[in-house]
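Architecture and fold: a report
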Amino acid sequence: MAALLAPQAAYATPPVGVSGQNITKVTALGTEYIVRQITIAPGGSTGWHWHNGTLYVRVVRGTLTHTTYDCVTTRNYGAGRNFVEPSGSRFVHIGRNLGETPVVLQVLYVNPQGAPLAQDVPNPGCPFQ
């Protein structure tokens, strides 16, 4: 009797301990400019994802640990730091709060009109979520 092996589904990693609030949204010539305040609780993470548009991020409080799909490239951004997240599926990443205080971010999304703010994806094989 032959055993049938079904492929295992790859599941997206949902955010944990993340809340967000829209501050403003303007649409012009097919592009949405959305400003959001995002808070990541201690021990929380954004889940693995990528963006359809470019993000301009300012860390207001705490330290964000930002890791890319290779599971090795990790940067820590503390309060007062700015960084850019480029658009496209080749820029898969996760943001984690490994500290004891909430991480607060102010984010400008420059997004194609009507596109989701993020595309959730499965863990690329890293030993953490």
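Further up the page is the structure itself.
Report on the accompanying structure. Source: prediction; values computed, not measured.

Some words on the state of the cysteines
The full count for this structure, using the stated rule, is one disulfide. Disulfide pairing places Cys-71 opposite Cys-126 at an S-S distance of 1.9 Å. The disulfide joining Cys-71 to Cys-126 has a torsion of about -95 degrees about its S-S bond and is therefore left-handed. You can see Cys-71 sitting in the loop between β5 (63-68) and β6 (74-78) and its partner Cys-126 sitting in the segment after β10 (119-120), a full 55 residues away along the chain. With a relative accessible area of 25%, Cys-71 lands in the partly exposed category. Judged by its relative accessible area of 8%, Cys-126 falls in the buried class.

Some words on the packing of aromatic side chains
Two descriptors summarise a pair of aromatic rings, namely the distance from one centre to the other and the angle between the planes of the rings. What the rule picks out here adds up to two aromatic pairs. For the ring pair Trp-48 and Phe-128, a centre distance of 6.0 Å and an interplane angle of 25 degrees mean the geometry is stacked. In this pair, Trp-48 is assigned in the loop between β2 (31-45) and β3 (49-50) and Phe-128 in the segment after β10, connecting sequence segments 80 residues apart. Since its relative accessible area comes to 0%, Trp-48 is described here as buried. A centroid spacing of 4.0 Å and a plane angle of 15 degrees characterise the contact between Tyr-77 and Phe-83, whose relative ring orientation is stacked. Judged by its relative accessible area of 8%, Phe-83 is buried. Over the aromatic face of Phe-128 sits the side chain of Arg-96, whose NZ or CZ is 3.8 Å from the ring centroid.

A short note on the pattern of salt bridges
Overall, the coordinates contain one salt bridge when judged by the stated rule. A salt bridge links Glu-32 to Lys-25; the shortest N-O distance between them is 3.6 Å.

Notes on the layout of surface pockets
Here the largest pocket is characterised by a volume of approximately 360 Å³. Taken together, 25 residues make up the lining of the largest pocket; nearest its centre are Ile-38, Thr-46, His-49, His-51 and Tyr-109. Those elements that place two or more of their residues in the lining of the largest pocket are β1 (16-28), β2, β4 (54-61), β5, β7 (82-85), β8 (93-96) and β9 (103-112). A class-by-class count of the residues in the lining of the largest pocket yields 14 nonpolar, eight polar and three charged. Quantified by volume, the second largest pocket comes out at close to 180 Å³. Contributing to the lining of the second largest pocket are 13 residues, with His-66, Thr-68, Val-84, Pro-86 and Phe-91 lying nearest its centre. Of all the secondary structure elements, the ones that give two or more residues to the lining of the second largest pocket are β5, β6 and β7. If one sorts the elements of the lining of the second largest pocket by residue count, β7 sits on top with three residues. Of the residues belonging to the lining of the second largest pocket, the class tally is seven nonpolar, three polar and three charged.

How each quantity is defined
- Residues numbered from 1 in each chain as written.
- Predicted model: local features only at pLDDT ≥ 70, side-chain atom pairs only at ≥ 80, totals over all residues.
- Heavy atoms only, no water.
- Disulfide = S-S within 2.5 Å.
- Helix = DSSP H or I, 4+ residues; strand = E, 2+ residues; numbered from the N terminus.
- Buried < 20%, exposed > 50% of the residue type's maximum accessible area, 1.4 Å probe, protein only.
- Phe/Tyr/Trp six-rings, centres within 6.5 Å; stacked < 30°, edge-to-face > 60°.
- Lys NZ or Arg CZ within 6 Å of the ring centre and 35° of its normal.
- Salt bridge = Lys/Arg side-chain N within 4 Å of Asp/Glu carboxyl O.
- 1 Å grid on protein atoms, 1.4 Å probe; cavity = no way out; pocket = protein on both sides within 12 Å on 5 of 7 lines; lining within 4 Å.
- Points joined across faces, edges and corners; volume = space filled by probe spheres on them.
- Nonpolar A, V, L, I, M, F, W, Y, C, P; charged D, E, K, R; others polar.

This is a description of form; function is not addressed.
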